[in-house]
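Coordinate inspection notes
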Amino acid sequence: MNEQFTRRTFLKLAGAGTAGALLAACAPKAPGTVQPAEPTKAEGEVAATPAPAETKKLVFSSYTWSGYEAAMRGVIDDFVAANSDVEVEGQYIPDDYWTKLQTQVAGGTPPDVGISDYGRVVSYAKSGVLLRITDLVAGSGFPIDKMLPGAVAQYRWGTGDFDTGSEGADLWGLPSDAQAQLFAYNKNMFDEAGVAYPTDDWTWNDLVTAGKAITNADANRWGFLVPGWGMWMRGWFGWQAGGEFASADFKTATFDSPGIAESIQWMWDLIYTDKIAPPPGLQAATNPFMSGQVAMAIDGIWWVPDFGTVTDFEWDMAMLPKHPQTGSRVTTVESDGWWIFKDTQEVEASFRLMSHLAGEAGQKKFGELSYVIPSCFPEVGREWYTKTPPEHRVKALDNLVAESRKNFLTFFEVWTILGACMPPIDAAFVDGTDVQAAIEECNTVAQQELDKAWELFNQA
Amino acid sequence: MRKQTLHGMRRQEGFLGWLFVAPMALGICIFQIYPILFSLYISLTQWNLVGAPRWLGIQNYVNLFTEERYFPKAMSNTGTYAVGTIVPGIALGIVFAMLLNQKIAGRFAYRAIYFIPVVAPTVALGVLWQWIYEPHFGILNAVLKVFGVQGPAWLGSTHWAMRSMIIFALWQGLGFNIVIFLAGLQSISTEYYEAAEIDGANALQRFLHITLPLLSPVTFFMLVTGVIGACQDFVTPYILTGGGPANATLMAVMFLYGKAFREQHMGLASAVAYILFAVIVTLTIINFRLGKKWVFYEEAV
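Model, not experiment: these values are computed from the prediction. Here the residue index of a chain counts from 1 through its sequence in written order. Each chain takes a letter, starting from A, and each ligand takes a number, starting from 1, following the order in which they are written. Local features in a predicted model are, by the rule used here, given only for residues with pLDDT of at least 70; side-chain atom pairs are given and counted only at 80 or more, and totals for whole chains, interfaces and linings are based on all residues.

**Some words on the domain arrangement of chain B**
Residue and element names in this part refer to chain B.
- Source of the domain bounds: an automatic or database domain assignment. Domain annotation for chain B reports domain 1 (6–59) and domain 2 (68–300).
- Between the C-alpha centres of domain 1 and domain 2 there is a distance of 34 Å.
- Of all the elements in the fold, those that place two or more residues in the side of domain 1 that touches domain 2 are helix H1 (6–42) and strand S1 (45–46).
- In this description a helix means any DSSP run of H or I spanning at least four residues, a strand means any run of E spanning at least two, and both kinds are numbered starting from the N terminus. Broken down by element, the residue count for the side of domain 1 that touches domain 2 peaks at three residues, all from H1.
- Residues belonging to the side of domain 1 that touches domain 2 are distributed by class as follows: five nonpolar, five polar and no charged. Amino acid classes used here: Ala, Val, Leu, Ile, Met, Phe, Trp, Tyr, Cys and Pro are nonpolar; Asp, Glu, Lys and Arg are charged; the rest, including Gly, are polar.

Structure (structure tokens):
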């Protein structure tokens with residue numbers, strides 16, 4: 001054999017090799033390879049197939065922001081220290097986490113365990129992307145009964161359900177925290193107006209009365225901040241007034257039902273009739289409560305660390321004001337959580353990690369690290385809620401334990417429906433136009449979108 | 001050793017040539033052509049990213065015009081934004097380029113200053129302008145207040161939000177327009193102006209009959225690229241207003257993004273992309289056709 005390995009031969013082989021490698025590396029998984037949601041074989045096999053000698057590698061993904069990643073790593077490190085057979089590769093995504101996750105899922109490369117989005121539980125579970133963990137939870141003795149029911153309900157979904165939350169339905173994730181709504185007030189503004197601080201007996205009417213005494217629109221000082229619909233769609237005002245946004249079977253939109261319509265009208269009145277709240281367009285670019293523009297605000301508990309940086313005034317928290325007739329101060333327990341993707345090769349280890357993150361030990365650690373608000377175990381969470389500032393942070397937890405429901409924003413096609421029906425309400429709040437007409441239009445659009453969503457639901 | 005024929009050598013050279021370009025060609029095929037064709041296919045399906053795509057034919061395209069209540073709004077907002085940024089942008093670019101084309105002290109510094117917003121990240125500029133527009137603490141309303149004018153809620157009003165966004169875009173793009181028109185101005189031979197002066201033409205006549213016609217290729221370039229850029233703008237509304245209030249600044253690409261990644265309607269989002277592509281191509285063809293009537297190329301004389 002006298003043929004030499006020439007430069008050209010080398011280049012040919014190298015070129016072909018490169019091309020082959022490129023093709024192999026870039027070949028995507030075909031869409032649609034995901035199987036429908038059926039009970040997984042892995043569920044029953046968890047206890048029977050441990051391989052303790054072998055290191056199990058898990059990919060864990062999470063969104064992150066300042067300080068959060070360190071807290072998360074701290075909890076994961078505890079897990080790895082106690083589980084020497086498991087390695088965890090963390091993917092911490094600072095921006096647009098859900099887009100990244102969705103792309104991973106579409107590409108067939110989801111992590112094993114990830115932070116979940118309650119708004120996608122139905123579509124992901126229905127599409128067969130998630131691992132059903134009902135039996136894993138039951139078999140492991142995980143203390144799910146000690147968690148706040150509303151938080152867990154966000155991760156219960158039964159085949160055929162349009163929304164999460166059916167009692168006894170399958171579990172597709174575990175909640176990671178228990179985000180309450182806070183009712184914060186600026187003590188200095190109350191003092192200056194000579195108004196007594198809010199108490200647990202306050203009703204909506206007391207809020208208005210105090211707001212009128214405090215408001216000085218010319219000086220850009222307002223009594224209350226009406227939250228944007230992304231917040232109040234968490235439901236509390238409408239629910240407190242005895243309303244529901246949809247019928248129990250989710251076939252009929254009821255934005256125009258008495259309770260919901262009353263609550264929307266009440267919020268609009270705070271701006272344009274009582275004039276105790278700044279119109280949305282005149283709200284400060286920073287949080288108007290933090291800038292001292294408003295004396296009272298209802299917002300997510302996640303604002304506590306930011307509010308805690310305020311040095312210009314003193315502030316505190318109270319339980320939500322009650323509806324004057326129903327006496328309800330119901331709030332939302334809102335929780336991202338953890339889910340396991342169905343394609344994981346390490347079901348047992350993934351569930352162990354998830355149990356640690358969602359369990360009492362992990363939640364306690366999160367509470368100590370302050371960057372994550374615990375907990376679905378009220379007694380574990382109390383440690384965080386009894387910290388200061390403010391003095392009465394625990395009021396939010398008390399409200400949560402006394403009267404709370406799962407987040408409303410969990411139903412199928414939630415963002416399509418709300419994205420279509422809420423702009424008329426938005427416009428009425430921004431421009432001060434007829435809010436009743438906006439409610440009617442909103443409900444009409446919501447019904448149309450709901451009908452379309454059901455059609456899609458039944459096709460998918 | 002077997003002798004190679006000339007034909008064989010050419011074939012081998014050709015093969016090697018293809019081999020060398022293969023990585024780039026493969027990259028283009030895999031990362032550009034394949035996604036383009038795949039998104040065309042997806043635009044004909046209903047797909048939520050996690051399940052299997054369901055074939056719909058042209059239904060997504062039909063739905064955009066019959067059922068998607070905010071698609072027409074997004075397209076008309078995009079049109080308003082395009083007109084609002086391109087026409088004044090070109091006019092301001094010419095004016096400032098002529099000013100900076102004068103032999104004034106510090107003109108290089110001025111040119112650099114005007115160009116800073118072009119190279120600065122839009123996100124940072126957007127945040128900066130959110131503060132400028134801030135209704136109570138912002139500098140814009142503070143300045144207006146000095147003159148006894150109560151400034152509006154610039155970004156928080158359905159009436160003002162689009163105008164505010166256009167003002168921001170004009171400010172941000174001005175430096176680029178200036179540089180391009182400056183290059184155009186400096187390529188115009190001074191002989192034309194000298195001849196016109198000898199013939200008694202005044203400054204306005206020289207501008208109208210020499211400068212503008214000889215700048216027309218540059219103006220045409222700015223028009224075509226401006227239309228494309230305005231139709232594709234995403235960052236400006238995303239950072240400044242998020243498309244609000246009440247969809248007052250919702251633009252085509254924001255609509256697309258919302259459909260794709262917020263609502264998980266990838267088919268519909270892909271259809272929006274193709275419609276936008278068709279609109280851009282159509283406008284570009286129209287521009288080229290109309291351009292033949294008003295664009296004056298010096299070398300064609």
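After that view of the structure, there is still more to cover.
**Focus on the environment of Ile210 of chain B**
Residues and elements named next belong to chain B.
- Within the secondary structure, Ile210 sits in helix H9 (residues 203–232).
- Since 17 C-beta atoms lie within 10 Å of it, Ile210 is described here as partly exposed.
- The spacing of Ile210 and Phe168 is 42 residues in sequence and 32 Å in space, taken between C-alpha atoms.
- It is the C-beta atoms, placed from the backbone, that decide contacts: two residues are in contact if theirs lie within 7 Å. With sequence-adjacent residues up to four places away left out, Ile210 is seen in contact with Tyr192, Tyr193 and Ala196. With C-beta atoms placed from the backbone, a residue is buried if 20 or more other C-beta atoms are within 10 Å of its own, exposed if 12 or fewer are, and partly exposed between those counts.

**Thoughts on the sheet that holds strand S8 (residues 222–225) of chain A**
Residues and elements named next belong to chain A.
- Strand order in this open sheet of four strands is S8-S9-S7-S10, and the pairing throughout is mixed. In the strand order of this sheet, the two ends are held by S8 and strand S10 (315–318), each with one partner. Within this sheet the neighbouring strands show an average axis-to-axis angle of 20 degrees, counted without direction.
- Two strands form a pair only when DSSP identifies at least two bridges running between them. Alignment of strand S7 (residues 181–186) against strand S9 (residues 294–300), held across five bridges, turns out to be antiparallel. When the bridges of S9 are listed, Gln181 appears paired with Gly300. Axes here refer to lines fitted to C-alpha atoms; in helices the fit is confined to the stretch in contact. Angles between the N-to-C directions go from 0 to 180 degrees.

**Quick word on the domain arrangement of chain A**
Residues and elements named next belong to chain A.
- Domain parsing of chain A yields domain 1 (41–179 + 334–406) and domain 2 (181–332 + 414–459).
- Inter-centroid distance (C-alpha atoms) of domain 1 to domain 2 is 29 Å.
- Domain 1 puts 19 residues into the contact, and the matching count from domain 2 is 25 residues.
- Broken down by secondary-structure element, the contributors of at least two residues to the side of domain 1 that touches domain 2 are helix H17 (394–402) and strand S13 (404–406).
- Among the elements that make up the side of domain 1 that touches domain 2, the one with the highest residue count is H17 (five residues).
- Taken together, the residues that form the side of domain 1 that touches domain 2 break down as six nonpolar, five polar and eight charged.

**Some remarks on the interface of chain B and chain A**
- Contacts between the two partners involve 33 residues from chain B, matched on the other side by 36 residues from chain A.
- Counting only elements with at least two residues in the side of chain B that touches chain A, the list comes to H1, helix H5 (122–133) and helix H11 (252–262) of chain B.
- In terms of residue count, the dominant contributor to the side of chain B that touches chain A is H1 of chain B (six residues).
- Its residues assigned to classes, the side of chain B that touches chain A shows 17 nonpolar, 11 polar and five charged.

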